[in-house]
Amino acid sequence: TLEVDKGIAVADDVFLGAAGDDEATLAVLDVIRAYSDFLKLFQGKSLVEIEGESATVNDFGIDYNGVKHAFALVGGEPARVGLSEVQIESRVSLEAVEQLKLVSLGKIKVFGLGDEPVDVVLVPEVDFQGLKIKNIPAIVQDLSFYETGMGEIPAVILGHQVLHRIGSVVADFPGNKLTLTKAAPSAAPAGAAELPLLML
């Protein structure tokens, strides 16, 4: 989802092959165009680089929207970081942008965030103290919505562009621990069972 040059080429192919001007087709094309605009801001940049092999962090939880969250360092500053499988792009809070003095790389329209274009930035680093994720493209958004469920406003919510680069995410809910690994495990964890589809 972050193969920038290939992603732009695929978006162009969709536009060239699109037929019809009905409302559903136009809505899909708007989403594809916005994603292409997002990718174009990062041409020539190395994105989502992982350093370190693994990390286990405490103070792990899950809010009532299903967003997992834990303590990390964002740009060297202590912060709450969320992990969301339902978002493609990562999000960064207005407060973190100001604190880290992040510079907008451009503005795009984002599906579900209204008609006004929003800023896109590059978050330099999220450090889970053993596993560092560098150069994270992120959409600037007011994340105060999450404060009630997390107890504080998260600095960053990592979307599945980032999660696809991580080998494994192990949530220990009773122990309030989150373990991340760079490499995917070579075997299923102890006690695992294979199911056609499991919704959590």
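Here, the structure is the one placed above.
Residues numbered from 1 in each chain as written. Predicted model: local features only at pLDDT ≥ 70, side-chain atom pairs only at ≥ 80, totals over all residues. Heavy atoms only, no water.

**Looking at the overall build of the protein chain**
- Regarding its fold elements, the protein chain presents five helices and twelve strands.
- A compact globule built from 200 residues would reach a C-alpha radius of gyration of about 16 Å, and the protein chain, at 18 Å, matches this within 12%.
- Along the three orthogonal principal directions, the C-alpha set of the protein chain runs to about 55 × 45 × 35 Å.
- The proportion of buried residues among the 200 residues of the protein chain is 39%.
- Only carbon and sulfur atoms are counted for the fraction: they give 55% of the accessible area of the protein chain, which is about 11,200 Å². (Helix = DSSP H or I, 4+ residues; strand = E, 2+ residues; numbered from the N terminus. Rg over C-alpha atoms; globule rule 2.2 N^0.38 Å. Buried < 20%, exposed > 50% of the residue type's maximum accessible area, 1.4 Å probe, protein only. Areas by Shrake-Rupley, 256 points an atom, 1.4 Å probe, with all protein chains shown as cover.)

**Focus on the sheet that holds strand β2 (residues 54–57)**
- Taken in spatial order, the three strands of this open sheet run β2-β12-β11, and their pairing is antiparallel. For this open sheet the edge positions go to β2 and β11 (168–172), each flanked by a neighbour on one side alone. Shown here is a sheet whose adjacent strand axes are inclined to one another by a mean of 10 degrees, direction ignored.
- Direction of pairing for β2 relative to strand β12 (residues 177–181): antiparallel, over a ladder of four bridges. In the strand pairing of β12, Val57 is matched with Leu178. (Pairing = 2+ DSSP bridges. Axes fitted to C-alpha atoms, helices over the stretch in contact; angles between N-to-C directions.)

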